[in-house]
Amino acid sequence: MRRRHLLGSLLLTPVLTACFASGGEGPEGTASDGSRLRVALAFPPTENLSPYGADATLLSRLGVTEGLTALDANGAAAPALAESWRRENDRTWLFTLREATFQDGSGVTPAAVAAALTHATEAKPAPAALSGVTLTAKAQSAAVRITTTKPDPVLPLRLSSPSLAVLSPKAYQDGADPVGTATGPFELTKVNGSASATLDRFDDYWGGRAQASGIDARFIADGTARANAVRTGQVDIAEAIPVAQAATLDQATLKETATTRTTSLQLNTRSGPFKDPKLRAAAREAVDSSAVVKGVFEGYADPGAGIYGPAVTWAEGKRVPPTGRARATKPNGTAVTLATYDNRPELPEVAQVLQQQLQKAGFKVTLEVREYSRLESDALDGKFDAFIGARNSLVDTGDPVGVLASDYTCDGGYNLARLCDKRVDRAVAETGAVADTGERQDAAMRAEAAILGTDAVVPLAHQGIIVGVATDLRGVLLDPYERTLVGTGTRR
C-alpha cells in the first residue's frame, strides 16, 4: 500500500461510542448547544432501515442503535446495554443489564431485550450474525438468560453485531422500525426514502448526551458527488471517498484507515457456467490481482491473499494453502455476466479490469453495474454468474467465523457465491465449536483454505478506506470494522 497501516485485534480504533469516545457535556455547555452534523453516506437504505440486513451498519454508524455488547479497543466484547455477563454452562449465558431508556421513553427491561432478540431470531432471512446459530432469550430478574442449541464460546462477541440491535417493543408492531425506538445517542426522527434522514440528540442516553445536537444525513451513492460535498463545505463527513478523488481534496480533510474489508470476485456455484469447478478454476487463473491494486486502487490496497487480509494481523502467519482445486479447462467463449455496484466507485473499474482479463482467457463477459440497493436481491438470488463486492470480513460479529458461516455455508444468509459444500460446512462448524482464541484462528484459516479450494471466491484486494472530514470537526470514529462513524464526542 502507499501508506500501509496494519492493525489487528490489539490495534483497533475504539468503536464503542459511550465507553471509548469522548462523550457527555464538554466545556462551555457544548452538549446543550452543539451544532448539527452533516454526514454523507455512500449506501442508501436497501431494506427500509431494517436492522437485520445491510442497513444495520447505517444505523450503528449514525449512533442510532446498540446491542447488548460492543467491541472494545482490542476487538473483544465490551459492555453496552449489558454491563456484565457470565457463562453458566456450555450453552447458557446470563447478561446483566444496565439502567437505560429507549428513545420512546420506555425502559430497557429484560423482557424488552429478550423480545428484541427473539424477533431477530425469527427474521427472514436470518441476520448474518446468527448464521448457523440458534438461540433463545428469556428475561431473568435484572438480566437476560440466553441459551444456544450448541455451545457458542463467542456469544458475547456475536451479540455486538449491528444486526442484533435492541429496539423497544413499539418497534416490532410492524417489522422492526428503528425510528424513535432505539437506544443510541442519536434518535432517528425522519427518513426521506433513500435520499436522506434526520436525527436528533437523545438527551436521556445512558452514556451521556452527545455534544452535537443532531445529524442531517444524506445518502449519496455517487463517489464524486460525496467528494465534492466535502470540498465545497456542504457536509462535515463523507465516507468512502474514491481513490481517484483523493488527490483533488485538501490533504487535511483526508483520513485513511486500514480495514478488514476485502474486494472479491464471487462465482455462482449453483447455476450457470461457474457451476463447473473447472471453469471456476479457469476464472481464478485468469485474474491478476496486482493489476487491480496498482491500476484501480492506486496503492491504497494490498493484493488479495484470502478472505482475511493483512489488517487481520494474525492471519498471515496462520494461512493454509488451499487444496482440492479442480484443474482449469479452456473457456472457449463461455458467456458470463459479471455484476457489481457503483456506490464504491472503484468497483466498476475493477470489473472492467477483470472483464479484460477474463476475455483474454477465453470468456465472453457482459458487465452489469447498478446502485447497490437495486442489485443486492438479484445477486443473492443468483441471477449473475459472477459478482464483485467489497466485504468487511469482521463486521458482522468481530469473530472470524462469522463471515465464513454467513457467506460460504449452505444456510448462509449472504452467500453470494451460492456455495453449498459439505467439506466447507464441516470446516466452518468445527471452527465455530473452538473456544480458545488462537486455536479458533487456526481453525478459521483451515476453513478459509477449504473455501478457497472450491474457487467459489477469488480475493482481489484488501483495501483501506478514505473518509473526508472537515478540518473543524473533532471526534470522528474511524473504525476498521466500519461499524461506527459518529458518537457522543463528535462535534464542530
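Residues numbered from 1 in each chain as written. Predicted model: local features only at pLDDT ≥ 70, side-chain atom pairs only at ≥ 80, totals over all residues. Heavy atoms only, no water.

Points about the overall build of the chain
Helices and strands together make up the secondary structure of the chain, namely 14 helices and 17 strands. Dimensions of the chain, computed from the C-alpha atoms along their principal axes, are close to 70 × 55 × 40 Å. Split into buried and exposed, the 492 residues of the chain put 60% on the buried side. Across the chain, contacts joining residues at least 24 apart in sequence account for 72% of those joining residues at least 6 apart. One finds the centroid of the 52 positive side-chain charges in the chain at a distance of 5 Å from the centroid of its 56 negative side-chain charges. (Helix = DSSP H or I, 4+ residues; strand = E, 2+ residues; numbered from the N terminus. Buried < 20%, exposed > 50% of the residue type's maximum accessible area, 1.4 Å probe, protein only. Contact = heavy atoms within 4.5 Å. Lys, Arg positive; Asp, Glu negative; His and termini not counted. Charge placed at Lys NZ, Arg CZ, Asp CG, Glu CD.)

Concerning the sheet that holds strand 4 (residues 82-89)
Strand order in the open sheet made by the four strands is 4-5-7-6, with antiparallel pairing throughout. If you trace the sheet from one side to the other, it starts and ends with strand 4 and strand 6 (135-140), each paired once. Along the sheet, successive strands turn relative to each other by an average axial angle of 20°, direction set aside. Sheet topology places strand 4 next to strand 5 (residues 92-97); six bridges connect them, and they run antiparallel. Of the residues in strand 5, the one forming a bridge with W85 is F95. Packing of helix 4 (residues 110-122) onto the sheet brings it into contact with strand 5, strand 6 and strand 7 (143-148), and relative to strand 6 it is tilted by some 170°. (Pairing = 2+ DSSP bridges. Axes fitted to C-alpha atoms, helices over the stretch in contact; angles between N-to-C directions.)

Some points on helix 13 (residues 422-432)
Every buried residue of helix 13 is listed here: V424, A427, V428, T431 and G432. End-on view of helix 13: buried residues confined to an arc of 135°, all on one side of the axis. Where helix 13 is buried, its residues touch helix 12 (400-408) and helix 14 (437-453). The N-cap residue of helix 13 is D421: its side-chain oxygen and the backbone nitrogen of R423 are 2.9 Å apart. (Arc of directions from axis to C-beta. Polar contact = N/O pair within 3.5 Å; in protein donor to acceptor, adjacent residues only side chain to side chain.)

What about the packing of helix 12 against helix 13?
A pair of packed helices is captured by two measures, namely the crossing angle of their axes and the spacing between those axes. Packing of helix 12 against helix 13 brings their axes to within 10 Å, and their N-to-C directions diverge by 150°. Compared by their axis directions, helix 12 and helix 13 come out roughly antiparallel. Judged by the sense of rotation from one axis to the other, the crossing of helix 12 with helix 13 is left-handed. In this structure, helix 12 uses V401, L404, A405 and Y408 to contact helix 13, whose residues at the interface are V424, D425, V428, T431 and G432. Looking at the contact of helix 12 with helix 13 residue by residue, the classes come out as six nonpolar, two polar and one charged. (Parallel < 35°, antiparallel > 145°, perpendicular 65-115°, else oblique. Left-handed = near helix turned anticlockwise from the far one by under 90°. Nonpolar A, V, L, I, M, F, W, Y, C, P; charged D, E, K, R; others polar.)

Observations regarding the pairing of strand 15 (residues 364-370)
In the sheet, strand 14 (residues 335-341) pairs with strand 15 via seven bridges, with the strands oriented parallel. Opposite T340, over in strand 15, you have V369 as the bridge partner. Read from strand 14 through helix 10 (residues 346-361) to strand 15, the crossover connection turns out right-handed. (Right-handed = clockwise from strand over helix to strand, strands pointing away.)

Section: the nonpolar core
Residues V39, L68, I146 and I215 are the most contacted members of the largest nonpolar core, which totals 58 residues. For this core, the element with the highest residue contribution is helix 4, accounting for six residues. Leaving out residues up to four positions away in the same chain, L68 has contacts with P79, A80, L81, A82, F95, L97, V113, L117, I146 and L159. Within the second largest apolar cluster, 41 residues are counted, among which are L267, A283, V296 and L460. (Core = buried A, V, L, I, M, F, W, Y, C linked by side-chain atoms within 4.5 Å.)

Remarks on the pattern of salt bridges
Summed over the entire model, instances satisfying the criterion amount to 22 salt bridges. Close ionic contact of R158 with D152 constitutes a salt bridge, the shortest N to O distance being 2.8 Å. Both residues of the pair, R158 and D152, belong to the buried class. One salt bridge in this structure joins D455 and R284, with 2.9 Å as the shortest N-O distance. Separated by 171 residues along the polypeptide, D455 in the loop between helix 14 and strand 17 (457-469) and R284 in helix 8 (residues 277-286) bring together distant segments of the chain. (Salt bridge = Lys/Arg side-chain N within 4 Å of Asp/Glu carboxyl O.)

Focus: the environment of Q463
Within the secondary structure, Q463 is located in strand 17. Once the C-alpha coordinates of Q463 and T263 are considered, the two residues, 200 residues apart in sequence, prove to be 7.4 Å apart. Contacts of Q463, omitting those with residues within four sequence positions, involve T259, R261, T262, T263, F297, Y300, A301 and A390. A polar contact is formed between the side chain of Q463 and the side chain of T263, at a distance of 2.2 Å.

Topic: the packing of helix 13 against helix 14
The N-to-C vectors of helix 13 and helix 14 enclose an angle of 170°; their axes lie 9 Å apart at closest approach. Considering their axes alone, helix 13 and helix 14 lie roughly antiparallel with respect to each other. Contacts from R423, V424, A427, V428, T431 and G432 in helix 13 reach R440, A443, A444, A447, A450 and I451 in helix 14. For the contact of helix 13 with helix 14, the class distribution of residues is eight nonpolar, two polar and two charged.

Quick look at the environment of A311
Tracing the backbone through its elements, the reader meets A311 in the loop between strand 13 (301-303) and strand 14. C-alpha of A311 to C-alpha of G464: the two residues are 153 residues apart in sequence and 9.0 Å apart in space.

Points about the side chain of S168
Mapping S168 onto the fold places it in the loop between helix 5 (155-158) and strand 8 (186-192). In this structure, S168 is in contact with F102, D104, S106 and T181, ignoring residues within four places of it in sequence.

Notes on the pairing of strand 8
Of the pairings in the sheet, the one linking strand 8 to strand 9 (residues 196-201) comprises six bridges and is antiparallel in character. Residue pairing across strands places V191 opposite A197, the latter belonging to strand 9. Remark: three residues form the turn of the hairpin made by strand 8 and strand 9, two consecutive strands paired antiparallel; G193 in that turn has positive phi of roughly 55°.

A closer look at the confidence of the model for the chain
Should the pLDDT be low somewhere, the predicted coordinates at that spot are not to be read in detail. Put simply, the chain has an average pLDDT of 90, and 93% of its residues get 70 or more. Counting contacts from residues 1-32, a segment whose pLDDT is below 50, to residues more than four positions away or on other chains yields 96 contacts. (pLDDT = per-residue confidence, 0-100.)

Topic: the state of the cysteines
Evaluated as defined, the whole model comprises one disulfide. Residue C410 pairs covalently with C420 via a disulfide, S to S 2.0 Å. An S-S torsion of about 95° defines the bridge between C410 and C420 as right-handed. With C410 in the loop between helix 12 and helix 13 and C420 in the loop between helix 12 and helix 13, the pair connects residues that are ten residues apart, well separated along the chain. (Disulfide = S-S within 2.5 Å.)

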